[in-house]
Structures are given as structure tokens and as C-alpha cells.
Amino acid sequence: MDSNTGKITLSVMTADVGGFIGHVSSHPDILNTAKERLYNSREKRVIEDFHVLRCGDDIGLIITHTKGVGSKVVHELSWNIFTACREVATELKLHGAERGLLNESFKGSLVCMGPGVAEMEFLERTSEPVVVLMCNKTGTGAWNLPVYKIFADPFNTAGLILDAVMTEGFSFKVLDLASNKEIILSAPKELHSLLALIGSTERYLITEVYRNSDAEPAATVSSQKFSMEAGEATEMCEPALIIRCQTGFPTAGETMEAFSFPHMVSGWMRGAHAGPLMPVPFYEANPTRFDGPPRVIAAGFQLSNGRLIGPHDMFDDPSFDETRRRASDITDYTRRHGPFRPHRSPNSAAEIASISLVLEKLGDRFRKTS
Ligand code: F6R
Ligand code: MG
């Protein structure tokens, strides 16, 4: 605990430092490199505790510490771990090892250096259950629908009508990627305005959720990353989501319930296709079919004075088998569209690049209509 505030910080840093095989998974040597370094930092009391996870080819460093959100020490530690992992990936010639991190030296923060950053600081309750979700082959917009359901839809979350604290609702911080401005909207009062924005998942992203009764942080998303291609802040690929659960927050079960519907998300093959988000246990987070379909994993922890008790693999539950089967059916159906919409997403970087190449090749063969 922070001796001044008594607060703990939960930081989840994610990065793709090289895929095994292609963009399917991450090599055990990479995960071990991260674990060894975090183990040493915990021994030196730089951090309180850690866990290393992977979803597809993304690795996630789950760290507890007392240094607050945006701590230079924790960000630099994570940066050094990711660069060490990248060195291992380069040595093994893993796929795309050169792409996930900026080729620059650390400047004080991980934000906009390549990795995703989701952090939350709070006073640990007598019981502090948290769920850390990681996805692969999709962007930040993928969280909008489940986060809305968890914190604003009583058909998903019974606590919104049955828990006295939760009946006051939750407030959502929404980022507009086009203007780089943010707004806070309170549900249920401003539900319709909220939905009008966040349904547009490529532009408006829910980045944080607060409890209306006391402004306690309830959820946070790694919302922005530096686009290696465009050289600017853009929708984050493969972001993480942290959710606090139980007693005044949605229960662990209400959190998981939002993923029982395999909703359509954008990303998948070459970041240019829409497909269903499939909730899977850790060992099934290997998107091999057409580089997908997009996956989500959920790691449950109880915090105990900063210690991460867990993880519990939350989607390792047969009650999600039907969701996975439905996601496979939707995959079959969607794939039949091949290069046609709505499977192929409009305006992806891959589509824009390929259409300009085709147009260049066809040159002046286009004629005015008569
Ligand atoms: C999408 C993804 C993959 C790659 C695809 C092409 O997020 O990671 O679908 O876009 O496998 O990869 P490269 O360009 O590395 O051959
Ligand atoms: Mg990746």
C-alpha cells in the first residue's frame, strides 16, 4: 500500500513484440523473460506483485505497485521488459518483432510508444475482486458494447436495479478519436446520448467508468497507442480492460455475462475484417483460422494487500461453449462473404493501401460514362 494514501495501483501493459507462429501466439521464452524480470523487481520491492499473460501474439504484464497511475518507474520497468522480450524474439526470428515498439529511447511514459497501458489506483476493499480482460485481433472499440452492458444495461447487470449503490448508475468517459477530446456522460440519465456516440466504435471509445454514488473508479481501458504506420495516436489494437467487481460494482458473473453474446468487432485478418469476438480460456487464445476469429480472455484476481491472488481463468466454463459455437457459426457465415462487405471493413489501412495500388495499376483504363 502507498504509505501516504493507502492506495494500490493496478497496471496492465500489453505489447506485441513478435509472433509465434505468424501472428498466432507468443513464444514461451518471451513470457519467461518477462516473468524473470518482474520476479526480480518484486524481490527488490519495486513492485508489489505481477502476473504475465498472453492473448494471441500479445503479452500482458499485470503489475501491482504503490507508485500511482503513470509512474515513470513502472513504465520504464515495463518498457525495459518489452525491449528485452523483443531481443529474444529477434534472436528467435519471431514474426514482426520489429513492429510492436517504437525504435526510440524511453522518455518517461509508455503511452504512445507502442504498448497498451490500462491503469487504475484505488483503496483496496476488504475483498477486492478484479477481472483483467485482454483481446487479440481487434481494436479498442470492441470493448464499448460489453462495457455498456456491464455498467448500464439492467438486462445484463441485475445489480443496476438490485444493489442500492449501483441504482445511481455509472459515468462513462468517452474519447473522440477524431478531435482527441473527451466527455463524461452519466447513465442512466444520459443513456441515449452515450449510445449515440459509443455505437460508432471506430470513433468514440469508452476509456474509463466511475461509480456515480462516490466517483470510485470501476473500469479502465488501454485506449490509445501510437500507430506505427500513421505516426499518430489512433485506435489501440488489442487493448486491455480492467473491471472491479462485487458489492457496489457489477459482480464477476455480471461482468462475464456481457461476453455471452459474440458481438461483431473490427480487426481480424490484416486488421481489415469484421468478425465475432470469441471468449476463450487462456489455452485457446490462439487465433489460427483466417488469423482469427478475434479472441478475448479474462483473468480474475482477488487482491490481498497488493498481492494478485490468481489468476482464475474466467472463460474456462462450459456455459460459454454455446457462445464459442455461435461465434464459429458466425465465422462460417461471415467468411463466405470473402472480400465483400460487411466482412471486409471499410477504410482499414490495408484496404486503403491495396485500393490505391490497384487504381495505380489500372491507370487510365477508367473511362467517363456515356
Ligand atoms: C491482424 C494481424 C494479422 C496480420 C496478417 C498479415 O491484427 O495481426 O492478421 O495483419 O497476418 O501479417 P504480416 O503483414 O505480418 O504478414
Ligand atoms: Mg498482435
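The structure we're discussing is the one just above.
None of these values were measured; they are calculated from a predicted model. (Residues numbered from 1 in each chain as written. Chains lettered and ligands numbered in written order. Predicted model: local features only at pLDDT ≥ 70, side-chain atom pairs only at ≥ 80, totals over all residues. Heavy atoms only, no water.)

Thoughts on the site of ligand 1
No. 1: The immediate surroundings of ligand 1 are formed by His23, His95, Arg99, Lys137, Trp268, Met269, Arg270, Gly271 and Asp291.
No. 2: Contacts to ligand 1 include His23, whose side-chain N or O atom sits 2.8 Å from an oxygen atom.
No. 3: One nitrogen or oxygen atom from the side chain of Arg99 is found 2.8 Å from an oxygen atom belonging to ligand 1.
No. 4: Contact with the protein chains hides 70% of the accessible area of ligand 1, taken as 410 Å² for the molecule alone.
No. 5: Of the residues belonging to the shell around ligand 1, the class tally is 2 nonpolar, 3 polar and 4 charged. (Near = heavy atom within 4 Å. Polar contact = N/O pair within 3.5 Å; in protein donor to acceptor, adjacent residues only side chain to side chain. Areas by Shrake-Rupley, 256 points an atom, 1.4 Å probe, with all protein chains shown as cover. Nonpolar A, V, L, I, M, F, W, Y, C, P; charged D, E, K, R; others polar.)

Things to note about unusual backbone geometry
No. 1: Here the residue pair Ala187 and Pro188 is connected by a cis peptide bond, since its omega of 10° sits within 30 degrees of zero.
No. 2: As for its position among the elements, Pro188 is in the loop between strand S7 (181-187) and helix H5 (191-198).
No. 3: In this structure, the amide linkage connecting Arg341 to the following residue, Pro342, adopts the cis form with an omega of 5°.
No. 4: Mapped onto the fold, Pro342 is located in the loop between helix H7 (321-335) and helix H8 (349-362).
No. 5: Positive phi outside glycine occurs at Asp291, with the angle close to 55°.
No. 6: Within the element layout of this structure, Asp291 appears in the loop between strand S15 (278-279) and strand S16 (295-304).
No. 7: The class of Asp291 is partly exposed, set by a relative accessible area of 23%.
No. 8: For Asn347, which is not glycine, the phi dihedral falls at a positive 65°.
No. 9: You can call Asn347 exposed: its relative accessible area is 63%. (Helix = DSSP H or I, 4+ residues; strand = E, 2+ residues; numbered from the N terminus. Buried < 20%, exposed > 50% of the residue type's maximum accessible area, 1.4 Å probe, protein only.)

Quick look at the pattern of salt bridges
No. 1: Throughout the structure, instances matching the rule amount to 19 salt bridges.
No. 2: A salt bridge links Glu351 to Arg341, with the nearest nitrogen and oxygen atoms 2.9 Å apart. With Glu351 in helix H8 and Arg341 in the loop between H7 and H8, this residue pair connects regions lying 10 residues apart in the sequence.
No. 3: Here Glu351 ties to Arg344 by a salt bridge, and the two come within 2.7 Å at their closest N and O atoms.
No. 4: Judged by relative accessible area, which is 8%, Glu351 ranks as buried.
No. 5: Of the residues examined, Arg344 reaches a relative accessible area of 25% and is grouped as partly exposed.
No. 6: When salt bridges with common partners are traced through the structure, they connect Arg125, Glu128, Glu216 and Arg244 into a single cluster. (Salt bridge = Lys/Arg side-chain N within 4 Å of Asp/Glu carboxyl O.)

Fair warning: the whole summary comes from geometry, so function is off the table for now.
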